[in-house]
Amino acid sequence: HLDIWVRTRGKHTLVEPVSITAIESGRSWTVRPTESTGRVDVEQGRAHDVSAELAGPAADVLLVLWNRLTIEEARVRVTGDPAVAASFRPIATGGR
């Protein structure tokens, strides 16, 4: 479950929903900001109102989310608003 790998509290900057997809399994998750500053909710499935999507092999997606690889180094495709996609990365690392 992606919610195990994503911090749901902290210094988050996400202002619009983002989806994450592991291409080998086809599983997706939607991460969206809440009304509480610095919090996000993670739900299974890809919502229709996302502003950006990160998709790739699960291992590469996790390495990007944890700042171990850049999007350019990984086999991760970003669609939609690249600024929103980039704003998601600090969530996974607690704002690092």
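The rules behind each value
In this numbering scheme, every chain counts its residues from 1 along its sequence in written order. In view of the model being predicted, local features appear only for residues whose pLDDT reaches at least 70, and side-chain atom pairs are presented and counted only at 80 or more, with totals across whole chains, interfaces and linings using the full set of residues. In computing side-chain values, all of the structure's heavy atoms are included and hydrogens and water are not. Only DSSP runs of H or I covering at least 4 residues are called helices, and only runs of E covering at least 2 are called strands; the numbering of each starts at the N terminus. Partly exposed residues are those whose accessible area sits between 20% and 50% of the maximum for their type, while under 20% is buried and over 50% is exposed, using a 1.4 Å probe and protein chains only. Counting of polar contacts relies on pairs of N or O atoms within 3.5 Å, with two restrictions inside protein: one atom must be capable of donating a hydrogen and the other of accepting it, and residues adjacent in sequence are counted only when both atoms are side-chain atoms. Only heavy atoms matter for contacts: two residues are in contact if any of them lie within 4.5 Å across the pair. Just to be clear on terms, a salt bridge is a Lys or Arg side-chain nitrogen sitting within 4 Å of an Asp or Glu carboxyl oxygen. The criterion for strand pairing is that DSSP finds at least two bridges linking the strands in question. For every element, the axis is a line fit to its C-alpha atoms; helices are fit only across the contacting stretch, and the angle between N-to-C directions ranges from 0 to 180 degrees.

**As for the side chain of Thr 30**
Then step 1. The topology assignment puts Thr 30 in strand E2 (residues 27-33).
Then step 2. Assessed through its relative accessible area of 0%, Thr 30 is described here as buried.
Then step 3. A polar contact of 2.7 Å, which involves the side chain of Thr 30, links it to the backbone oxygen of Gly 45.
Then step 4. Engagement of the side chain of Thr 30 in a polar contact is seen with the backbone nitrogen of Ala 47, the distance being 2.9 Å.
Then step 5. Not counting residues within four places of it along the chain, the set of residues in contact with Thr 30 comprises Pro 17, Val 18, Ser 19, Asp 41, Val 42, Glu 43, Gly 45, Arg 46, Ala 47 and Val 50.

**Description of the pattern of salt bridges**
Then step 1. Using the criterion set out here, one finds four salt bridges in the structure.
Then step 2. Arg 32 serves as the salt-bridge partner of Asp 49, at 3.1 Å between the closest nitrogen and oxygen. With Asp 49 in the loop between strand E3 (40-44) and strand E4 (52-56) and Arg 32 in strand E2, this pair connects stretches of sequence that are 17 residues apart.
Then step 3. Residue Asp 49 is classed as partly exposed on the basis of its relative accessible area, which comes to 43%.
Then step 4. One salt bridge connects Asp 60 with Arg 75, and the closest N-O pair in it is separated by 3.0 Å. Of the two residues, Asp 60 sits in helix H2 (residues 58-65) while Arg 75 sits in the loop between H2 and strand E5 (77-80), which places them 15 residues apart along the sequence.
Then step 5. Residue class for Arg 75 comes out exposed when judged on its relative accessible area of 59%.
Then step 6. Residues participating in the shared-partner salt-bridge network are Arg 32, Glu 43 and Asp 49.

**A short note on the sheet that holds E2**
The pairing of strands in a sheet happens through backbone hydrogen bonds and is either parallel or antiparallel.
Then step 1. Here five strands make up an open sheet; going across it, the order is E3-E2-E1-E4-E5 and the pairing mixed. If you trace the sheet from one side to the other, it starts and ends with E3 and E5, each paired once. The mean angle between the axes of side-by-side strands here comes to 20°, regardless of whether they run parallel or antiparallel.
Then step 2. Alignment of strand E1 (residues 18-22) against E4, held across five bridges, turns out to be parallel. Bridge assignment links Ser 19 to a residue of E4, and that residue is Glu 53.
Then step 3. Sitting on the sheet, H2 is in contact with E1 and E4, with an inclination near 130° to E4.

Shape is all these values report; function is a separate question.
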